[in-house]
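The chain contents come next:
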Amino acid sequence: MGEPQLFYLPPGVDFASQLVLGLRERLAGQPPEAMARVALYVNSQRMRRRVTQVMVAEGAGFLPRILVVSELGADPVLAGFAPQVSDLRRRLELAKLIKGLLRAQPELAPMVARFDLADSLADLFAELQDEAVSPDALAALDVSGHSAHWARTQAFLQIVTPFSLEQGDPQSRQREAVRRLAALWQAVPPSDPVVIAGSTGSRGTTALLMQAIAGLATGAVVVPGFDPWLPGPVWRGMNEALTDEDHPQYRFRRLMDALDVPPTAFRPWRAAEVADAARNQVVSLALRPAPVTDQWLVEGQSLPDLGPATAGLTLVEASHPRQEAVTVALILRDAVVRGQRAALITSDRGLTRRVAAALARWGIAADDSAGSPLALSAPGRLLRHVAVAFCGPLTGDHLLTLLKHPLAATGGDRPQHLLFTRRLEMELRRNGPAFPAGQDILNWAGKPGREDSLPWAEALAQVMALLGPSGEVSLSAHVARHVAATEALAGNPGALWLAEAGFAAAAVMDQIRLEAPFGDEMSAQDYRVFFDSLIARGEVRGLGGAHPLVAFYGHREAREMHADIVVLGGLTDGVWPAAADPDPWLNRKMRKEAGLLLPERQIGLAAHDFQQAIAARSVVLTRAVRNAEAETVPSRWLNRLCNLLAGLPDKGGPEALAAMRQRGRVWLKMADRLDLPSVAQRNDPRLAPAVRPRPRPPVGLRPHKLSLTRISTLIRDPYAIYARYILNLKPLDPLRQQPNDRDRGTVVHKILERFVKERPEVEPAEAAHDRLMRTAAEALAEGTPFPSARVLWLARLQRAAGHLLRQDGKYGGVPVLVEQVGSIGVSGTGFTLFGTPDRIDRLPDGRLQMIDYKTGSPPTKAQQEAFDKQLLLAAAMAERGGFAELGPSKVARISYVGLGSGDKAVEDEVTSEQLNEQWARFCLLISAYQTLETGYTARRAVFEARYPLDYDHLSRFGEWQMSDRAVGIWVGGDDD
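A short note on the packing of helix α4 (residues 87-104) against helix α5 (residues 114-130)
Then comes step 1: In the contact formed by α4 and α5, the axes pass within 8 Å of each other and the chain directions differ by 120°. Like other packed secondary-structure pairs, α4 and α5 cross with a definite hand, here right-handed. Between α4 and α5, the residues in contact are R91, L94, A95, I98, K99 and L102 and R114, F115, L117, A118, D119, L121, A122, D123 and F125, respectively.
Then comes step 2: Residues that form the contact of α4 with α5 fall into these classes: 10 nonpolar, no polar and five charged.

Structure below.
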């Protein structure tokens, strides 16, 4: 056997074009049909399309037989005729086995995690096949020095591994196909050329095929991104996976070891000119294995001048992800304007979505190699929403999420459906219930005046009958209910499965339905987790409409693309390279001892892709210095490159790095200017920042009555009174009804009202405590639909019960009014003050005590003096006969009883003189607002400026500051 036929193409060349040129050079002088006899094995479908595209562009001619390496296992002749088991079926079967493990050892993981564990276990078995590691290697691992967890997993693996390693497994079929093909070539060597191109040999089965082809007399192996600038000592020293696995060239070192050849055995496929040889040398040195980075000091001195070497590099360090995305979009648009091909290479799918949105403003749609996530498509979202609706009682907000989905009722009268949905939303916001059922919808539609919505409500009730939780049932039952409910919500089965996204979603559901008999019984929550994990892998690819000059690629596709301008985006650690996924079955040391790949393999592959991508002619490196949570860490390769440049002042490194950053700042400034208003916009008074408003409506439109609790609002935020009572704008209740402080206050007041009204004439303290808690439990059961809130609030009241009962009989008063409305007019203004004190007691001396219960903190005396005048004004009303059942009565005391944390109570003795003064000040306030000059100032004297208020958006708070002077605004026309 002769020397292995090993060739390479360096970083910085168009791999597909140079591959085709090399083939043509080797077939020069032969008849045209010689190309058709070439067997060309490539690493991916995209590489096959790219090679075909290059050859077709050169004119009519024969194509080689182009085969994708990963498709060999599908050939029944090569892989054997055993039935091929689908990936989903294997994962379902593994999930059943893991379910038994978790039942026996529940401390390992929650039961819902079994699908993720099945995925990782299936990946482990695939790797065993790919790397030709025997199950005995796992059984022979010495776990005595490890924790008990690894001993348990080893025992489990010994049980399930034989089950997995059967014919039909995709990886076993693939390896069997390669073995048979190699044996066939050994027995009958091919007379026609056999070439494998584009693979690095990172996976064992692919490396085996490369070895077989390299040994053929007519064979050739063409690897991408081989580093010819890497010195021999570095190649020889790259022999320890634990330290060298993350180097971009380590895969080639493994291939050399397998073939027993030196680095010099790799020869250039052809004399291809790289984009920038000097830059490639710099990057090669920057990416040296960690143990030998001291070579920077020596070899750095032999580098060419770093200014010209980095002239084609631009470094963009954006302050936040949005700025990065807009900057990338600007760079891509600039390339389109110049007629250049541009590509964004990144692992960050969030970045690609933001860039796509930014490009949309110019009508540019990029060709995204990864497509769009099926889970985020319209059918995918609807299917996920329905799956969530199976997991518990249907809340009002989730029901509206389903009804407002763009695919809901698309098979019927969509406009009518949206009209009824909006009406139902207002009902659910205002009146609930928190967990609507079909009968609640029917009751709402059956009220007078809503007869037109009754057929719609009946159809909706039928859909809701399919939702809600269920016990553990078979996977087949789950998927049948899932499809039925989703199609019923769409109103027509055909409306859900249309277009590319619908076809992809239907394929996922068909796949689940087909393999469902191999799954086990599961709860609705288990099914939701399983379905989410499955649909998250799906992609939707459009049929066209992308701009021919702009493309998005994942970093794995760097070797297959060719562009004039390349943007390497998302260069932060944890994104590129991505953080290694933890292996729940084998730790790092166990994997090495078993002969499996280390987690650093993925980092090494990403490094190889980075080394190829950065070798393009014009490259922009981008990262966001900060994300939504914290500052980010630069990608290790970007960090190495910057450190190398900064450490070579004799070669102009610091100046070169500064120039790279300066070129990036130019783009950042352009991106920032995109959001600045134009000259016309700056001169448009409609777009000028708002002033702090003080609207002054006609006196006749101003409110003629307010409750006691609204007086503090009138003092602190008059604008809220203007918006609520003059504009008649009511804040919407939240879409999702949740227990809040207002609900707690309402139910506590009901408890105390019933407790006081049902009090017997004689009641011991212990009996009073028991009756209070019994009353509380009954009231909470009636008025609070949230079980957790009932338990929490009852526990809080239990803690406050002693304090409440002590305050209840502290002064010997007898309740005379409980939750009774009183009112009184303000003379000369036509204004009425009304209110409902929680409780009014008659003290032994005949005077009154005004009591208010606070579930939060009671107001201090200073707060009562400044703005919280609820009980002071109630007392003034009582002395003026505002409570008809009591007549004019003297008030001796006001008491705020706190029911929150701690035994808090704020009590004050009051006199008629004090109450007269408070009443006079109140009358003066009301009189002021009865004049046209007094306006309703926004946020006049709020307690905390940082707290949001209901009408801040209406007053455009944020465009003005609290220190701004309020500007009077005449509104509502003339005041007659």
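So, the packing of aromatic side chains
Then comes step 1: Inspection of every chain in the model, using the stated rule, returns 19 aromatic pairs.
Then comes step 2: Look at Y8 and F226: their rings are 4.8 Å apart centre to centre, the planes differ by 35°, and that puts the pair in the tilted class. Remark: F226 occurs in the loop between β5 (219-224) and α10 (232-237) and Y8 occurs in strand β1 (residues 6-9); sequence separation between them is 218 residues.
Then comes step 3: Overall, Y8 belongs to the buried group, its relative accessible area being 11%.
Then comes step 4: Taking 6.2 Å as the distance between ring centres and 20° as the angle between the ring planes, the aromatic pair formed by Y527 and F531 counts as stacked. Separated by four residues within a single helix, Y527 and F531 lie in helix α26 (residues 524-535), roughly one turn from each other.

Some thoughts on the sheet that holds strand β17 (residues 814-818)
Sheet strands pair by backbone hydrogen bonding; their relative direction is either parallel or antiparallel.
Then comes step 1: Read from one edge to the other, the open sheet built from five strands follows the order β17-β20-β21-β22-β23, with strand pairing classed as mixed. Of all strands in the sheet, those bounded by a partner on one side alone are β17 and β23 (905-909). Neighbour-to-neighbour, the strand axes of this sheet turn through a mean angle of 20°, independent of strand direction.
Then comes step 2: Across four bridges, strand β20 (residues 839-842) lies against strand β21 (residues 848-854) in antiparallel orientation. Looking across to β21, one finds that R842 is bridged to L848.
Then comes step 3: The strands touched by helix α38 (residues 870-879) are β21 and β22 (891-898); relative to β22, the strand with the most contacts, the crossing angle is about 150°.

Considering the pairing of strand β18 (residues 822-826)
Then comes step 1: Going residue by residue along β18, you find G822, I824 and V826 tucked away on one face and S823 and G825 left uncovered on the opposite face.
Then comes step 2: Looking at chain direction, β18 and strand β19 (residues 831-835) are connected through five bridges and run antiparallel. When the bridges of β19 are listed, S823 appears paired with F834.
Then comes step 3: Two successive antiparallel strands, β18 and β19, enclose a turn made up of four residues, where G828 displays a positive phi of approximately 80°.

Thresholds applied
Residues numbered from 1 in each chain as written. Predicted model: local features only at pLDDT ≥ 70, side-chain atom pairs only at ≥ 80, totals over all residues. Heavy atoms only, no water. Axes fitted to C-alpha atoms, helices over the stretch in contact; angles between N-to-C directions. Helix = DSSP H or I, 4+ residues; strand = E, 2+ residues; numbered from the N terminus. Left-handed = near helix turned anticlockwise from the far one by under 90°. Contact = heavy atoms within 4.5 Å. Nonpolar A, V, L, I, M, F, W, Y, C, P; charged D, E, K, R; others polar. Phe/Tyr/Trp six-rings, centres within 6.5 Å; stacked < 30°, edge-to-face > 60°. Buried < 20%, exposed > 50% of the residue type's maximum accessible area, 1.4 Å probe, protein only. Pairing = 2+ DSSP bridges.

Note that all results are geometric; they support no functional claim without further evidence.
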